[in-house]
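Close look at the chain arrangement
So you can see what is in the structure, the chains are spelled out below.
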Amino acid sequence: MRHIGAVQAVVTAAEFDREPTPAELDAIELEMPVITAELELLDAQITTLDRTPSPLDVRRIRRARRRVLAARRELTNRGIAGSSEVA
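Bear in mind the structure is a predicted one, so any value in this text is a computation, not a measurement.

Here's the deal with the overall build of the chain
A count of helical and extended segments in the chain gives three helices and zero strands. Ordered by position in the sequence, the α and β elements of the chain form the string α-α-α. Expressed as a percentage of its 87 residues, the buried residues of the chain come to 11%. For the chain, the accessible area works out to roughly 7900 Å², and carbon and sulfur atoms hold 59% of it.

Notes on the nonpolar core
Core analysis: the largest hydrophobic core is formed by eight residues, namely Val34, Ala37, Leu41, Ala44, Ile61, Ala64, Val68 and Ala71. For this core, the secondary structure elements donating two or more residues are helix H2 (22–47) and helix H3 (55–82). Those residues within four positions of Val34 in sequence are excluded, and the remaining contacts are Ala71, Arg72 and Leu75.

About the thresholds
Residues numbered from 1 in each chain as written. Predicted model: local features only at pLDDT ≥ 70, side-chain atom pairs only at ≥ 80, totals over all residues. Heavy atoms only, no water. Helix = DSSP H or I, 4+ residues; strand = E, 2+ residues; numbered from the N terminus. Buried < 20%, exposed > 50% of the residue type's maximum accessible area, 1.4 Å probe, protein only. Areas by Shrake-Rupley, 256 points an atom, 1.4 Å probe, with all protein chains shown as cover. Core = buried A, V, L, I, M, F, W, Y, C linked by side-chain atoms within 4.5 Å. Contact = heavy atoms within 4.5 Å.

What follows is the structure, encoded as structure tokens:
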């Protein structure tokens, strides 16, 4: 049996085999409050998957949704204030 394999290195492998650039890290840092709020919402929703949500669970989910909306609003407002474009 003859082994079939790639003769040449993959051309696009270098693109995915790298560290994030400083600009990408800054973008992640800027979006971190939204990411954290979404994780809290997901955690609240996961806890109620296998049971009927109690009033405390409902309140926790509602607060987590508000945090997500507030974080997204803050990110959007920061993006608009930081841009030099005129709407």
